[in-house]
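Here is how the chains run, residue by residue.
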Amino acid sequence: DSEGIIGLVTFQNGIKNTFEGEFKQMSQAIIDQFPEGPLCIGLHNATTGNLGKDLLRFSNEREKNERSVYSLCQMIKTFADHLPKINPNLVWAHFAHSEGGLIANVALALCGESWLKETREYIKDRLITATYGAVKPIPEEPVLTALNTYSNKDVVLLLSKQYIDKDLDKITQMP
C-alpha cells in the first residue's frame, strides 16, 4: 500500500519437509510471487522424518523445538532493530506452513514480552504474516496483518479446528 512496499520476505516450513525437496520447492514458489526481487530468507525447520516424533513437539514448541522458535525470535528482534534505520517504510512479509505457523505464533508471543517493547511496536506496524495450514494461526493483534488459510482437506484441521471461526462446510467463496 502507500505506506510501504514489501522489501523483506521470510518463510518457514512445517514438519516432514526435507531441505532438498519440499523446502526448496516452497522457497521457489514464494520467491516467484515477488518479481520485484525483495530480500528473501527461508528458515528450514528441521524435522526428523518421523511424523509421530515430530508431532510430539506441538505440545511445547518453545522447549521441544527451541532452535526453530528462538532463531525466528532472534531474527524478528534483529530486523525490528535494524530495518527502520535502513527504510522506515519497509513492510516485511512472513509465510509459514503447518508447524511453521505454530513456531511463528510462539515466537511472536515471546516478542510480546515487556522487554521487547520496540520489537512489538515494529511488528505491529510493519509485519504481515501469511500462514497456510498452520497448526496454530497467527492472531491479528501482534502484527499489521495476519492471513491464515486452510483447505477443507488439510490434515492439520484435526489439530487446529478450534482456531477456525467458520464451519468449513458453510464457506461458499473460492479459497
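This text follows the structure it describes.
Chains are numbered independently. Their residues run from 1 in the order of the written sequence. It should be noted that, the model being predicted, local features are given only for residues of pLDDT at least 70 and side-chain atom pairs only at 80 or more, the latter also being counted only at that level, while totals for whole chains, interfaces and linings use all residues. For the side-chain quantities, the full set of heavy atoms in the structure was used; hydrogens and water were omitted.

A. Examining the side chain of Thr10 more closely. Relative to the elements of secondary structure, Thr10 occurs in strand β1 (residues 6-12). Polar contact is the term for a pair of N or O atoms within 3.5 Å; when the atoms are in protein, one must be able to donate a hydrogen and the other to accept it, and sequence-neighboring residues count only if both atoms are side-chain atoms. At 2.8 Å, the side chain of Thr10 and the side chain of Trp92 are in polar contact. Here a residue-residue contact requires only that any non-hydrogen atoms of the pair lie within 4.5 Å. Dropping the residues within four chain positions of it, Thr10 is found in contact with Ile41, Met75, Phe79, Trp92, Ala93, His94 and Phe95. The helix count covers DSSP runs of H or I at least four residues long, the strand count covers runs of E at least two residues long, and both are numbered beginning at the N terminus.

B. Looking closely at the pairing of β1. For β1, the tally of buried residues reaches five of seven residues, placing the bulk of the element in the interior. In this sheet, strand β3 (residues 91-97) lies alongside β1 in parallel orientation, the contact comprising six bridges. The residue bridging Gln12 from the neighbouring strand is Ala96, located in β3. The pairing criterion for strands is at least two bridges between them, as found by DSSP. Where β1 and strand β2 (residues 39-43) come together, five bridges link them in parallel fashion. In the strand pairing of β2, Gln12 is matched with Leu43. Here a crossover is taken to be right-handed if, once the strands point away from the viewer, the path from the first strand over the helix to the second is traced clockwise. Tracing the backbone out of β1, into helix α1 (residues 19-31) and back to the parallel element β2 gives a crossover that is right-handed. Only protein chains enter the area calculation, which uses a 1.4 Å probe; residues under 20% of their type maximum are buried, those over 50% are exposed, and those in between are partly exposed.

C. Quick peek at the packing of aromatic side chains. Only Phe, Tyr and Trp rings are paired, with Trp represented by its six-membered ring, and only when their centres lie within 6.5 Å; those with planes under 30 degrees apart are stacked, over 60 edge-to-face, the remainder tilted. Applying the stated criterion across every chain yields a total of four aromatic pairs. Centre to centre, the rings of Phe19 and Phe23 are 5.4 Å apart; their planes meet at 25°, and the pair counts as stacked. Here the residue Phe19 and the residue Phe23 both occupy positions in helix α1, the gap between them amounting to four residues, near one helical turn. Pairing Phe34 with Phe95 gives two aromatic rings, centres 6.1 Å apart and planes at 70°, and the pair type is edge-to-face. Placement of Phe34 in the loop between α1 and β2 and of Phe95 in strand β3 is noted, with a sequence separation of 61 residues between them. The exposure classification of Phe34 matches that of Phe95, with both residues buried. Members of the aromatic cluster, each reached through a chain of ring pairs, are Phe11, Phe19 and Phe23.

D. Inspection of α1 at higher detail. Within the sequence span of α1, burial applies to Phe23, Met26, Ser27 and Ile30. In an axial view of α1, the angular spread of the buried residues amounts to 100°, which keeps them on one side of the axis. Seen from the buried face of α1, the exposed residues on the opposite side, beyond 90 degrees, are Glu20 and Gln25. N-cap assignment for α1: the residue whose side-chain oxygen lies 3.0 Å from the backbone N of Gly21 is Thr18. To obtain the arc, one takes the directions from the helix axis to the C-beta atoms.

E. Expanded view of the nonpolar core. In this structure, Leu72, Ile76, Trp92, Leu108, Tyr122 and Ile123 are the most contacted members of the largest nonpolar core, which totals 30 residues. Put simply, the parts of the chain that give this core at least two residues each are α4 (66-86), α5 (99-111) and α6 (117-126). Aside from chain neighbours lying at most four places away, what touches Ile123 is Ile76, Leu108, Cys111, Pro142, Val143 and Leu144. We define a nonpolar core as any set of buried Ala, Val, Leu, Ile, Met, Phe, Trp, Tyr and Cys residues linked to one another through side-chain atoms lying within 4.5 Å. Ranked by size, the runner-up nonpolar core spans nine residues in total, among them Val9, Phe23, Phe95 and Ala130.

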